[in-house]
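Topology and contacts: notes
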Amino acid sequence: MIDGKTRILGVLGNPVEHTKSPAIHNALLKSCGINAAYLPLHVEKQNLKNAIDGFKAMGFAGANVTIPFKEQVIPLLDYVSPVSKATGSVNTLYWEKGKLCGTSTDGLGALKNLENAGININGKNIAMLGSGGAAKALAYAFLEEGKAASLKIYTIEPENWNLELKSLSLHPFNATKENIDLLVNATPLGMHPNTNQTPVDKTAFSGGMAVFDIVYNPLKTRLLQEAEKAGCKTLGGIGMLIYQGLESFKLWFPDSNPDPKLAFEVLNAG
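Here is a short report on the structure shown in this document. Remember, it's a predicted structure, so these values are computed and weren't measured experimentally.

**Focus on helix α6 (residues 222–229)**
Because each turn of an α-helix spans 3.6 residues, side chains separated by three or four positions in sequence point in the same direction. For α6, the full list of buried residues reads L223, L224, E226 and A227. Across the axial projection of α6, the buried residues extend over an arc of 165°, all falling on one side. The inward-facing, buried residues of α6 contact β10 (182–185), β11 (210–213) and β12 (233–235). Positive backbone phi, at 90°, marks G231, one or two positions downstream of α6.

**Side note on the nonpolar core**
Counting 25 residues, the largest nonpolar core has M128, L138, F142, L182, V184 and F212 as the members making the most contacts within it. Elements represented by at least two residues in this core include exactly α4 (106–116), β7 (125–129), α5 (133–145), β8 (150–154), β10 and β11. Sort the elements by how many residues they give to this core and α5 lands first, with 7 residues. Not counting residues up to four positions away in its chain, the partners in contact with L182 are L114, I119, I121, N125, I126, A127, A210, V211 and F212. L9, V11, Y216 and L241 belong to the second largest nonpolar core, which has 20 residues in total.

**What about the pattern of salt bridges?**
In total, this model carries 6 salt bridges according to the counting rule given. The salt bridge involving D53 is made with K49; its shortest N-O contact spans 3.0 Å. Placement of the pair is D53 and K49 together in helix α2 (residues 48–57), with a separation of 4 residues, close to one helical turn. With a relative accessible area of 34%, D53 lands in the partly exposed category. The salt bridge involving E228 is made with K220; its shortest N-O contact spans 3.2 Å.

**Description of the packing of aromatic side chains**
One pass over the structure, following the stated rule, counts 5 aromatic pairs. Centre to centre, the rings of F55 and W95 are 6.1 Å apart; their planes meet at 15°, and the pair counts as stacked. A residue pair is termed long-range when its members are at least 10 positions apart, and F55 in helix α2 and W95 in strand β5 (residues 92–96) qualify at 40 residues. You can call W95 partly exposed: its relative accessible area is 29%. Linked through ring pairs, F55, F60 and W95 together constitute an aromatic cluster.

**Describing the layout of surface pockets**
Any empty space left between atoms is shown by rolling a water-sized probe over those atoms. The space that makes up the largest pocket amounts to roughly 910 Å³. Around the largest pocket sit 40 residues that line it, and I67, K70, A134, A186 and P188 are the ones nearest its centre. Among the elements that take part in the lining of the largest pocket, α5 stands out by supplying 4 residues, more than any other. Tallied by class, residues from the lining of the largest pocket come to 19 nonpolar, 16 polar and 5 charged. Here the second largest pocket is characterised by a volume of approximately 160 Å³. Along the lines of polarity and charge, the residues of the lining of the second largest pocket split into 5 nonpolar, 4 polar and 3 charged.

**Let's talk about the side chain of E226**
With respect to the helices and strands, the residue E226 is situated in helix α6. Assessed through its relative accessible area of 16%, E226 is described here as buried. A polar contact of 2.9 Å, which involves the side chain of E226, links it to the side chain of R222. With residues up to four places along the chain from it excluded, the contact list for E226 reads T198, V200, K202 and F205.

**Thoughts on the pairing of β7**
The element β7 is extensively covered by neighbouring structure, given that 5 of its 5 residues are classed as buried. Here 5 bridges tie β7 to β8, and the two strands are oriented parallel to one another. If you follow M128 over to β8, its bridge partner there is I153. Considered for its hand, the β-α-β crossover made up of β7, α5 and β8 is right-handed. As judged from the 4 bridges shared by β7 and β10, these two strands associate in the parallel manner. Among the inter-strand pairings, L129 is bridged to a residue of β10, identified as N185.

**Observations concerning the sheet that holds strand β6 (residues 99–103)**
Overall, mixed pairing links the 6 strands, which are arranged β2-β1-β3-β5-β6-β4 in an open sheet. Taken across any chain shown, the strands that pair with only one partner, and hence form the sheet edges, are β2 (36–42) and β4 (79–80). Relative to β5, strand β3 (residues 62–65) runs antiparallel, the two being bridged by 2 bridges. Note that in β5 the partner of N64 across the bridge is T92. Helix α1 (residues 21–31) rests against β1 (7–13), β2 and β3 of the sheet, and its axis sits at about 170° to β2. Along the sheet, α2 makes contact with β1, β3, β5 and β6, crossing β5 at roughly 35°.

Conventions and cut-offs
- One numbering rule holds for all chains: residues counted from 1, following each sequence as written.
- pLDDT decides what is reported in this predicted model: residues at 70 or higher carry local features, side-chain atom pairs at 80 or more are listed and counted, and totals for whole chains, interfaces and linings draw on all residues regardless.
- For side-chain calculations, the full set of non-hydrogen atoms in the structure is used, while hydrogens and water are omitted.
- Think of it in three bands: with a 1.4 Å probe and only protein chains considered, a residue is buried below 20% of the maximum accessible area for its type, exposed above 50%, and partly exposed in between.
- Each helix corresponds to a stretch of at least 4 residues labelled H or I by DSSP, and each strand to a stretch of at least 2 residues labelled E; elements are numbered beginning at the N terminus.
- In this context, the arc is that of the directions from the helix axis out to the C-beta atoms.
- In this description, contact between two residues means that some pair of their heavy atoms is separated by no more than 4.5 Å.
- To qualify as a nonpolar core, a set must consist of buried Ala, Val, Leu, Ile, Met, Phe, Trp, Tyr and Cys residues joined through side-chain atoms within 4.5 Å.
- A pairing counts as a salt bridge when a side-chain nitrogen of Lys or Arg comes within 4 Å of a carboxyl oxygen of Asp or Glu.
- Aromatic pairing here means that ring centres of Phe, Tyr or Trp (its six-membered ring) are within 6.5 Å. Orientation follows from the plane angle: under 30 degrees is stacked, over 60 is edge-to-face, and everything else is tilted.
- Here a cavity denotes grid points, spaced 1 Å and computed from the protein atoms alone, that fit a 1.4 Å probe unable to get out, and a pocket denotes an open set having protein on both sides within 12 Å along at least 5 of 7 lines; residues with an atom within 4 Å of a point are the lining.
- Grid points are joined across faces, edges and corners, and a volume is the space filled by probe spheres set on the points.
- Lys, Arg, Asp and Glu make up the charged group, whereas Ala, Val, Leu, Ile, Met, Phe, Trp, Tyr, Cys and Pro make up the nonpolar group; the residues left over, Gly among them, are polar.
- Pairs of N or O atoms within 3.5 Å make up the polar contacts considered here, provided that, within protein, one atom can donate a hydrogen while the other can accept it, and that residues adjacent in sequence are counted only when both atoms are side-chain atoms.
- When DSSP finds at least two bridges between two strands, those strands are taken to pair.
- We call a crossover right-handed when, viewed with both strands directed away from the observer, the connection leading from the first strand over the helix to the second proceeds clockwise.
- To define axes, lines are fitted to C-alpha atoms, for helices over the stretch in contact only, and angles between the resulting N-to-C directions are given on a 0 to 180 degree scale.

Written out as structure tokens, the structure reads:
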């Protein structure tokens, strides 16, 4: 029931039509007995500051931030976490002592997704496509927390990459299967409605490689379909979406205990 005490949360992005976050979070809110509603919030790029001002003025309980605002939102916040300072990326807004804070749960979500799929990155060589906020959060998690041996970044904008980590190197946007244990797509290529797009040619795959696409709509992108045909172990982004969302939820409602099984059930039903 929506009443005068209902609190509002949402996801800020452009586009947001594809997002499955409202279905997940509204189910979790209901199961936890929390009087709140989570909405998709389409924001034009030039209106981001106004959106954050409105967020503060109307007392939103919290929010997620997605493409293309994960980096642009940082100057508008009162505090950013150490991981967001290191990566220049925020995907979660929350309140602490009256201050609007930002952090990134993307890396934690990706690591949990890979772990549950049986893909161990400790000591492995990773190649990642993309240079946006999610890519930086994942780079930090892979090297600092997942203990990958090396990480090659394939990007069309290497001059915009300001994250300095050991065992990280930048390369032109042209994937190669040479000495790669895990290939990660951290670009929006292949996301609905542009499902025919893919960031690499199918000749880039080898059978011993695992391929992880953080895109979750569709569940199996063209990239994953072609990688699977080449004999690769594949993993979509739906688990990352759920696990990063659970970390966000616990920041908004620290006393809650959201159930990951419920989140998966909601998405499977949809």
